[in-house]
Amino acid sequence: MKVVLQNLTKVFPSRNKKVNEEVVAVNDFTFTIPDGKLIGLLGPSGCGKSTTLYMISGLQKPTGGQIFFGDDDVTDLPTENRGVGLVFQNYALYPHMTVKQNILFPLQNLKGADKMSKDEMLERAYYAARLVQIEDLMDRKPGEMSGGQQQRVAIARALVKMPRVLLLDEPLSNLDARLRLQTREEIRRIQRETGITTIFVTHDQEEAMSISDMIVVMKLGVVQQIGAPQEVYDNPLNLFVAKFLGTPPINVFDGKVAGGKLYIGEEAVLDVAGVEDQEVFVGIRPEGFVLDDNGPMSCKLSSVEVMGRDVSIVSENAASANPVVRSIINADNKIDYSRENVQFSLKPHKVFLFNKETEERIYFEVK
């Protein structure tokens, strides 16, 4: 099911009666979510991603704009008539019911032409349980299960009605690291098997990038960038997107362009032909450094962290906006730990320039 958001806006009234200042949670969001794709809504707390999800589900009414499922305008349609499955962060399972009863519950409330026989409901419930691999746990109650198992029950309950759109609101945040990894892989598998258009809300960029067909990066209710995860990572439109995506995060420096060369501190580190002379923010991905004794960029060596196939060089640079500079290099490189400074050359396609005032991307030709 294709989902179309047109100029979607949500404004909340001020909580402070003395200062009548409205809060714009989502501001003029326009986007078409293709049929059968998994889309990640990504951003820090308060960016409007959950509010967007709740408007799509019908739990919140937009202040402005429209929502279409296919060609149907569902902007004013009640939640129960939209054909959505919603999975919350806290699972919201009925503790006194078994797994089977929790999964069956949405089907038992169907009325009219949608009403199903007992056998049909059981068949559908066990199909949903098999999708999330909990068919052996149907007689347990939520209190007898792990967090990961409870999350699977919540997903099965959302899937059992075969929704037109599946909505997941930070579904992995209550799980430990290993379970998060396992469950996000399961979500991707289930989405591919069912082909249901899925919208996944998270503040964890690694989660969003690993399973999404496309990601939407938001900040303060405004969409910053939309695209395939790798494309957004490789070509951020502004400094916020560049800083938000990436583990370890991007290294940011104060720099300047003069005479077609990029300077960090007093060192000319890269040719940037075609860029006007100006002060800039410089973003360098950790993997953008190349250990080079004759390299143009020098940093004060702090420590070296061995991570198996890679090595993380931790260093300092007076122009860095961060306390330390992290450079990821291949473990085959030999590092002289006794040296005070370490020299780097840079991979041009891993270096990004941003306007000092607007923080928008400044493009230069990569040779």
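Here is a short report on the structure shown in this document. (Residues numbered from 1 in each chain as written. Predicted model: local features only at pLDDT ≥ 70, side-chain atom pairs only at ≥ 80, totals over all residues. Heavy atoms only, no water.)

1. A word on the side chain of Ser-312
Residue position: Ser-312 is located in strand 17 (residues 310-316). Side chain to side chain, Ser-312 and Arg-326 meet in a polar contact 3.2 Å long. If we skip the residues at most four places from it in the chain, Ser-312 touches Ser-303, Val-304, Glu-305, Met-307, Arg-326, Ser-327 and Ile-328. (Helix = DSSP H or I, 4+ residues; strand = E, 2+ residues; numbered from the N terminus. Polar contact = N/O pair within 3.5 Å; in protein donor to acceptor, adjacent residues only side chain to side chain. Contact = heavy atoms within 4.5 Å.)

2. Focus on the side chain of Gln-150
Mapped onto the elements, Gln-150 comes out in helix 4 (residues 147-159). A distance of 3.3 Å separates the side chain of Gln-150 from the backbone oxygen of Met-145, its partner in a polar contact. For Gln-150, the residues in contact, after removing those within four places along its chain, are Tyr-91, Leu-93, Pro-142 and Met-145.

3. Some words on the nonpolar core
Grouped together as the largest cluster of nonpolar side chains are 35 residues, with contacts concentrated most on Ile-103, Ile-134, Leu-159 and Ile-187. At the level of elements, helix 2 (99-108), helix 3 (118-131), helix 4, strand 7 (165-169) and helix 5 (177-194) are the ones that each hand at least two residues to this core. Top element by residues in this core is helix 4. It accounts for six residues. Ignoring sequence-local partners within four residues, the contact set of Ile-134 consists of Val-99, Ile-103, Ala-129, Arg-152, Val-153 and Ala-156. Counting 29 residues, the second-largest nonpolar core is a separate cluster that includes Phe-253, Phe-289, Phe-344 and Leu-353. (Core = buried A, V, L, I, M, F, W, Y, C linked by side-chain atoms within 4.5 Å. Buried < 20%, exposed > 50% of the residue type's maximum accessible area, 1.4 Å probe, protein only.)

4. Quick look at the packing of helix 2 against helix 3
Viewed as axis vectors pointing N to C, helix 2 and helix 3 meet at an angle of 125°, and their least axial separation amounts to 9 Å. Here helix 2 lies oblique to helix 3, going by the angle between them. Once helix 2 is placed against helix 3, the crossing between them reads as right-handed. Facing Lys-100, Ile-103, Leu-104, Leu-107 and Gln-108 of helix 2, the residues of helix 3 in contact are Met-121, Leu-122, Arg-124, Ala-125, Tyr-126, Ala-128 and Ala-129. Here the residues of the contact of helix 2 with helix 3 sort into nine nonpolar, one polar and two charged. (Axes fitted to C-alpha atoms, helices over the stretch in contact; angles between N-to-C directions. Parallel < 35°, antiparallel > 145°, perpendicular 65-115°, else oblique. Left-handed = near helix turned anticlockwise from the far one by under 90°. Nonpolar A, V, L, I, M, F, W, Y, C, P; charged D, E, K, R; others polar.)

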